[in-house]
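An overview of the molecular structure
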Amino acid sequence: MKHFLFFLSCIAFIFPCKAQPGNQLVLGKKDSIQSKILGTKRLFYVHLPTSNSAAGAAKKRYPVAYVFDAEAQFASTVSTIQFLSTHYNSVCPEMIVVGILPENRRKELTPTHADIIPPYWDSVSTKASGGGEQFIAFIEKELIPYIDSHYPTQPYKMLIGHSLGGLMVMQTLVHHTALFNAYIYIDPSMWWDNQALLKETKRALEKRHFAGTALYLGFANTVDDDILLNNIHADTTFDTKHLRSILTLQSYLEKNKQNGLNYTGKYYENDSHMSVPLIAVYDALHFLFNFYPIKINVKEENNPDPTYLVNKIKSHYAYASKQMGYKVFPAEELLNWNGHNALNKKQYEKAKRLFDYYLAIYPEIAAANACMGDYYQAINETKNALAYFEKSLAIQENAAIRKKVEKMQGK
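Residues numbered from 1 in each chain as written. Predicted model: local features only at pLDDT ≥ 70, side-chain atom pairs only at ≥ 80, totals over all residues. Heavy atoms only, no water.

1. Section: the packing of aromatic side chains
Summed over the entire model, instances satisfying the criterion amount to 17 aromatic pairs. Pairing Tyr-216 with Phe-287 gives two aromatic rings, centres 6.1 Å apart and planes at 45 degrees, and the pair type is tilted. One end of the pair, Tyr-216, is in strand 7 (residues 214-220); the other, Phe-287, is in helix 8 (residues 276-288), and 71 residues separate them in sequence. Comparing Tyr-216 with Phe-287, the two get one shared label, buried. Between Tyr-358 and Tyr-362 the ring centres are 5.9 Å apart and the planes differ by 85 degrees, which places this aromatic pair in the edge-to-face class. Of the two residues, Tyr-358 and Tyr-362, both sit in the buried class. Through successive ring pairs, a cluster of aromatic residues spans Tyr-156, Phe-289, Phe-291, Tyr-292 and Tyr-317. (Phe/Tyr/Trp six-rings, centres within 6.5 Å; stacked < 30°, edge-to-face > 60°. Helix = DSSP H or I, 4+ residues; strand = E, 2+ residues; numbered from the N terminus. Buried < 20%, exposed > 50% of the residue type's maximum accessible area, 1.4 Å probe, protein only.)

Below is the structure:
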């Protein structure tokens, strides 16, 4: 039964992502555009990071993750990205997530037409196949421009796909490399059409350059337990062709490091075709953004040099900016917490430098102004403290800060 599971994703979606009514939390919303290329109205899901709608938050712009098979993959992808980018996690940046809903995935997620693929696909099943290039044109010329004009995007984009969606991720990488900065393809159906794309990929990896592009491959155990991975190429049945094709692809990727592609792959022995997307996306984000998290150890945190910590933070995010292709700023929580940590240790100059940087980046944020108020209150400069607290309250009312102001004013 194991080898049959991956074909289920070629037939139907398993986990629909439904909008929730009332005051319940939701992962995203539905949006649509009228496509001239496809000749239909196309629906898709959009998730905006929570920081985009928080009261008093900075107006930010975000990189975008585009995900095939949104009905199955949108919820888990959003949750994974959100978890790894918020609540003091900085494994990856916060992102807009666009979940692409196919109307006919056998047509839109296959790059070539195949007449018949026995034993699971007959001529009726494959009749409409081969519309992948048209679907990529829709994404490139209509969907991405629409997202960029209607949502607060940064130029960095990634594409995520599973199964036939993974096949189309590879088609996009090979034939439209510059369309995305990073690609995550999960248990891709490289067996499609007698491995036509697999053969094209081999030639592309050998002859072309992919510097500046990153790729993560995650693939599952889709063969029966009595088949050993080391001996799988000796099996010529269709039941093992899915995994054999992926292993061949992996060998091409590993043998062609001269092309500059930033690549890694991982085999998930204990996951099936349907379970692997969740863990693969999690691991892929760690790989693709290994430069993004800032690590501050206790020794650095306690460094008495008042300039050390703020300079480390600035240097780190300058490097992250270079990798992302746009200006990346530290999260507010990072500067707020480290500044108050210094303040509590009476390292006043260090605290001021951190809060100065915080305010320079986010001048119209209530919390940044409140932090400067805390600094001036700590050094007994009441006039300056009141000025910053009052500016903070003018931006956003806060009961705790209001109480501080009234106490300082003797009310």
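Read on, since the account is not over.
2. Notes on the side chain of Gln-73
With respect to the helices and strands, the residue Gln-73 is situated in helix 2 (residues 70-85). A relative accessible area of 10% means that Gln-73 is categorised as buried.

3. Focus: the pattern of salt bridges
Between side chains of opposite charge, a pair can form when the charged atoms approach closely. Under the definition given, this model contains 12 salt bridges. Glu-300 is the salt-bridge partner of Lys-312, the closest N and O atoms lying 3.3 Å from each other. One end of the pair, Lys-312, is in helix 10 (residues 308-324); the other, Glu-300, is in helix 9 (residues 298-301), with 12 residues separating them in the sequence. (Salt bridge = Lys/Arg side-chain N within 4 Å of Asp/Glu carboxyl O.)

4. Observations concerning unusual backbone geometry
Even without being a glycine, Gln-195 presents a positive backbone phi close to 60 degrees. As for its position among the elements, Gln-195 is in helix 6 (residues 192-207). The phi dihedral of Lys-346 falls on the positive side, at around 60 degrees, and the residue is not glycine. Structurally, the position occupied by Lys-346 is in the loop between helix 11 (332-344) and helix 12 (348-361). Taking the relative accessible area as the measure of exposure, Lys-346 reaches 60% and is therefore exposed.

5. Some words on the layout of surface pockets
Approximately 1300 Å³ is the volume attributed to the largest pocket. Lining the largest pocket are 50 residues, with Lys-60, Pro-330, Ala-331, Glu-332 and Glu-333 sitting closest to its centre. Of all the secondary structure elements, the ones that give two or more residues to the lining of the largest pocket are strand 3 (62-67), helix 2, helix 11 and helix 13 (366-378). Of all the elements, helix 11 adds the most residues to the lining of the largest pocket, at six residues. For the lining of the largest pocket, the residue count by class is 26 nonpolar, 15 polar and nine charged. (1 Å grid on protein atoms, 1.4 Å probe; cavity = no way out; pocket = protein on both sides within 12 Å on 5 of 7 lines; lining within 4 Å. Points joined across faces, edges and corners; volume = space filled by probe spheres on them. Nonpolar A, V, L, I, M, F, W, Y, C, P; charged D, E, K, R; others polar.)

6. Observations regarding the pairing of strand 7
Here is the key point about a regular strand: its side chains alternate between the two faces of the sheet. The buried fraction of strand 7 amounts to seven of the seven residues, a majority that puts the element mostly inside the structure. Burial along strand 7 is two-sided: the face carrying Ala-214, Tyr-216, Gly-218 and Ala-220 and the face carrying Leu-215, Leu-217 and Phe-219 are both buried. Where strand 6 (residues 182-186) lies against strand 7, five bridges are found, and the strand directions are parallel. Across the sheet, the residue bridging to Ile-186 is Gly-218, located in strand 7. Bridging between strand 7 and strand 8 (residues 262-268) involves seven bridges; their strand directions are parallel. Residue pairing in the sheet places Phe-219 in a bridge with Tyr-267 of strand 8. (Pairing = 2+ DSSP bridges.)

7. Some remarks on helix 2
Within helix 2 the residues assigned to the buried category are Ala-70, Gln-73, Phe-74, Thr-77, Val-78, Thr-80, Ile-81, Leu-84 and Ser-85. Summarising the contacts, the buried residues of helix 2 are in contact with strand 2 (40-47), strand 3, strand 4 (96-100), strand 5 (153-162) and helix 8. Just beyond helix 2, the residue with positive phi is His-87, at close to 55 degrees. (Contact = heavy atoms within 4.5 Å.)

8. Details of empty space enclosed by the protein
Scanning the entire structure with this criterion turns up three cavities of 30 Å³ or more. Val-67, Phe-68, Gln-73, Ser-76, Thr-77, Ile-160, Gly-161, His-162, Ile-186, Pro-277, Leu-278 and Val-281 together form the lining of the largest cavity. The residue inventory of the lining of the largest cavity, partitioned by class, reads seven nonpolar, five polar and no charged.

9. What about the sheet that holds strand 5?
Strand order in the open sheet formed by eight strands is 1-2-4-3-5-6-7-8, and the pairing between neighbours is mixed. Bordering the open sheet on either side are strand 1 (29-35) and strand 8, each of which pairs with just one other strand. Averaged over all pairs of adjacent strands, the angle between strand axes in this sheet comes to 20 degrees, irrespective of strand direction. Of the pairings in the sheet, the one linking strand 5 to strand 6 comprises five bridges and is parallel in character. Each residue of the ladder has a partner; that of His-162, found in strand 6, is Ile-186. Packing against the sheet, helix 4 (residues 132-150) makes contact with strand 1, strand 2, strand 3, strand 4 and strand 5, and its axis sits at approximately 120 degrees to strand 1. (Axes fitted to C-alpha atoms, helices over the stretch in contact; angles between N-to-C directions.)

10. What about the packing of helix 5 (residues 164-175) against helix 6?
Two elements in contact, helix 5 and helix 6, have axes whose closest approach is 10 Å; the angle formed by their N-to-C orientations is 35 degrees. By crossing handedness, the relation of helix 5 to helix 6 is classed as left-handed. In this structure, helix 5 uses Leu-167, Met-170, Gln-171, Val-174 and His-175 to contact helix 6, whose residues at the interface are Trp-192, Leu-197, Glu-200, Thr-201 and Ala-204. By residue class, the composition of the contact of helix 5 with helix 6 is six nonpolar, three polar and one charged. (Left-handed = near helix turned anticlockwise from the far one by under 90°.)

11. Description of the environment of His-340
Tracing the backbone shows His-340 in helix 11. On a C-alpha basis, the gap between His-340 and Tyr-375 in space is 8.4 Å, while along the polypeptide they are 35 residues apart. With residues near it in sequence (within four places) discarded, His-340 still touches Phe-355, Cys-371 and Asp-374.

12. Side note on the side chain of Asp-374
Tracing the sequence through the fold places Asp-374 in helix 13. A polar side-chain atom of Asp-374 sits 2.5 Å from a polar atom in the side chain of Lys-404. Apart from residues lying up to four places away in sequence, Asp-374 is in contact with His-340, Leu-343, Phe-389 and Lys-404. (Polar contact = N/O pair within 3.5 Å; in protein donor to acceptor, adjacent residues only side chain to side chain.)

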